[in-house]
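Results of the structural survey
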Amino acid sequence: MVFAIDEINREQTILPNLTLGIQIFDTCSSDKKAIEGTLQMLTGQRRPSLNYRCKSPSPLTAIIGESSSTISMSIARLLGLYRYPQISYDSTSPLLGNKYEFPSFFRTIPSDDSLAQGLAKLLFHYMKGLRFKNKMGKEIFFDEYGNPPAAYDIINWQRGPNGTIHYESVGSFDTRQQKGQELYINSSALSWARQGKEAPRSACSESCIPGYYKVGRRGQPVCCYDCLPCSEGEVSKERDSSKCWPCPSDQWPNEKQSDCVPKRVEVLSYTDTVGATLSVAVILCSFITLILLIIFIKFQDTPIVKANNRNLTYLLLVSLLLSFLCSLLFIGEPQPASCLLRQTAFGILFALCVSCILAKTIMVVIAFNATKPGSNMRKWLSPRVPIVTVSVCTVIQVLICATWLVLCPPFPEKNMEMKIGTIILQCNECTPIAMWCMLGYMGLLAFISFVVAFLARNLPDSFNEAKWITFSMLVFLSVWLSFIPGYLSTQGKYMVAVEVFGIISSCAGIVVCIFLPKCYIILLRPELNTRQHLLGK
């Protein structure tokens with residue numbers, strides 16, 4: 001400002017025959033000091049006499065206030081009483097060309113006071129874009145709004161070896177430098193509290209790492225907070241996150257809960273260890289059953305095969321073979337067709353197996369009683385009896401399964417609720433009631449077969465198949481009674497594995513108890529496969 005006024009006074013073409021003078025008062029950022037300085041300029045005395053100017057004749061043209069609106073408005077209210085203009089320049093004021101905004105009471109000044117307005121505009125116009133070097137050799141300039149450059153030294157308060165305090169320049173901030181290089185700090189010259197070289201922490205809490213979120217402490221500053229882990233199924237990917245976000249339905253947080261990753265897919269597959277083991281067991285048992293069927297067909301005319309109802313034996317072996325193979329429907333990714341077939345096929349085939357065993361047991365009892373003198377049981381030795389028994393018992397199971405498929409058919413689904421972070425590919429049975437009805441009927445048939453075989457276990461050796469049927473039904477019932485708690489206590493692929501194991505083990509129990517003893521006699525002890533031996537002679 002002083003430089004601009006000196007330049008105006010030197011250049012006579014600007015204000016000819018006029019010389020500008022200045023008085024400078026420091027407001028000290030205080031309203032009281034600002035008012036005192038203003039009264040002193042108006043009256044010319046330290047102790048002002050209002051309405052009197054007691055200073056030699058240089059006229060007071062205008063007062064240029066500081067940019068602080070609070071202090072400038074205090075000065076403006078006082079000067080308005082004496083019709084003197086307040087001029088307060090602020091770089092944030094709206095500008096339109098060379099027109100400056102002045103408070104409204106300035107516009108009430110008569111036109112003959114245009115000197116003050118002209119001076120203000122002239123000063124600001126002259127300062128815009130001005131660039132020069134001061135006596136110290138530093139370059140001074142004003143931007144297009146008349147603002148000087150911001151150039152500051154950064155001072156560090158340091159304690160000397162003898163305990164004295166001194167100030168050390170450790171950097172600078174200079175808007176005259178190129179963009180991005182305005183701030184410079186010599187960190188090696190810094191000395192922090194307790195003469196340390198490490199910068200003190202500016203927060204009272206450690207930064208929250210990803211996987212946690214900030215929760216402010218009540219009654220404490222915003223820099224004081226606690227880091228809480230994200231809830232289950234939520235993540236925070238950035239440091240100092242204010243909240244956590246839930247993962248999509250097909251994704252789950254990683255171990256650190258810092259990102260969402262695809263959920264693990266669980267299914268009893270052929271490549272899985274459990275699935276592969278069960279598949280091998282199914283194929284092996286199916287192969288053994290097929291071998292037994294071939295043996296019984298090859299030796300169909302031998303006494304031991306004839307004595308045990310050949311047609312029922314063939315039907316039982318075929319149903320056992322299909323039961324083994326149907327367990328493969330439970331392995332692999334569930335499909336609409338496999339979900340529809342696997343439980344119903346298993347239920348119908350097992351009902352056929354148990355029906356055949358029940359029919360064989362009934363035929364053993366009838367045959368024994370028919371040999372007694374005067375018995376009227378000979379009429380029941382017709383081949384139609386086992387056929388009717390098997391048909392009726394199997395049809396009932398078929399009706400149960402058909403009703404299930406019509407009313408509420410099973411379907412494949414992705415279960416995301418059963419296990420945390422896991423998508424279980426499974427068949428939804430739609431209605432557990434239908435499934436348990438199917439299993440219950442199968443268990444009822446097995447129990448009836450067990451009771452009938454148990455009562456006939458002491459028949460003569462010529463019809464001693466009832467003893468082996470008793471053992472097979474005991475194994476069958478034991479497997480499925482242990483299956484129920486095992487099935488209900490497991491989840492995911494292991495639930496399916498338990499059912500497959502139950503199918504394999506129960507079928508294998510029937511094969512071992514009923515057919516292996518006969519194969520032993522047929523292949524290894526042919527001398528026992530005679531009519532005389534069967535009749536006990």
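The structure reproduced in this document is the subject of the present report. (Residues numbered from 1 in each chain as written. Predicted model: local features only at pLDDT ≥ 70, side-chain atom pairs only at ≥ 80, totals over all residues. Heavy atoms only, no water.)

1. Section: the side chain of N9
Applied cut-off: Helix and strand assignments follow DSSP, with helices taken as H or I runs no shorter than four residues and strands as E runs no shorter than two, numbered in order from the N terminus. For the purposes of these results, a polar contact is taken to be a pair of N or O atoms within 3.5 Å, where, inside protein, one atom must be able to donate a hydrogen and its partner to accept one; residues adjacent in sequence count only when each atom of the pair is a side-chain atom.
As for its placement among the helices and strands, N9 is situated in helix α1 (residues 2-10). Of the polar contacts made by the side chain of N9, one reaches the backbone nitrogen of L20; its length is 2.9 Å.

2. Side note on the pattern of salt bridges
Any two side chains of opposite charge can pair if their charged atoms end up close together. Stated precisely, the cut-off is as follows: When a carboxyl oxygen of Asp or Glu is within 4 Å of a side-chain nitrogen of Lys or Arg, the pair counts as a salt bridge. Relative accessibility under 20% of the residue-type maximum defines a buried residue, over 50% an exposed one, and the middle range a partly exposed one, all with a 1.4 Å probe and only protein chains included.
In this structure the tally under the stated criterion is nine salt bridges. Between E266 and R264 there is a salt bridge whose closest N-O contact spans 3.5 Å. Exposure remark for R264: the relative accessible area of 47% places this residue in the partly exposed category. For D272, the salt bridge identified is with K493, shortest N-O distance 2.7 Å. A residue pair is termed long-range when its members are at least 10 positions apart, and D272 in the loop between β12 (264-266) and α5 (273-298) and K493 in helix α12 (residues 493-524) qualify at 221 residues. D272 gets classed as buried once you look at its relative accessible area, which sits at 16%. Connected through salt bridges with shared partners, the residues R264, E266 and K419 form a single ionic network.

3. Remarks on the state of the cysteines
Covalently bonding the sulfur atom of one cysteine to the sulfur atom of another cysteine gives a disulfide. What counts, and what does not: Here, the term disulfide refers to a pair of cysteine sulfur atoms separated by no more than 2.5 Å.
On inspection of all chains with the given rule, the structure shows six disulfides. A sulfur-sulfur distance of 1.3 Å marks the disulfide that ties C408 to C430. The S-S bond linking C408 to C430 shows a torsion near -50°; that makes this disulfide left-handed. A residue pair is termed long-range when its members are at least 10 positions apart, and C408 in the loop between α9 (384-407) and β13 (411-415) and C430 in the loop between β14 (422-428) and α10 (432-455) qualify at 22 residues. For C408, a relative accessible area of 19% translates into the label buried. Residue class for C430 comes out partly exposed when judged on its relative accessible area of 30%.

4. Quick look at the sheet that holds strand β5 (residues 183-185)
Just so we agree on the cut-off: DSSP calls a pair of strands paired once it identifies at least 2 bridges connecting them. Under this scheme, a helix contributes an axis fitted over its contacting stretch, all axes are lines through C-alpha atoms, and angles between N-to-C directions fall in the 0 to 180 degree range.
With respect to topology, three strands assemble into an open sheet ordered β3-β4-β5, the strand pairing being antiparallel. If you trace the sheet from one side to the other, it starts and ends with β3 (151-159) and β5, each paired once. Here the average twist between neighbouring strands, direction ignored, is 30°. The sheet contact formed by β3 and strand β4 (residues 165-174) spans nine bridges and is antiparallel. Bridging across to β4, R159 finds its partner in I165.

5. Some thoughts on the pairing of β13
Note: β13 against β14, five bridges, orientation antiparallel. When the sheet's bridge partners are listed, F411 is paired in β14 with N428. Connecting the antiparallel pair β13 and β14 is a turn made up of six residues, with G421 showing a positive phi of about 75°.

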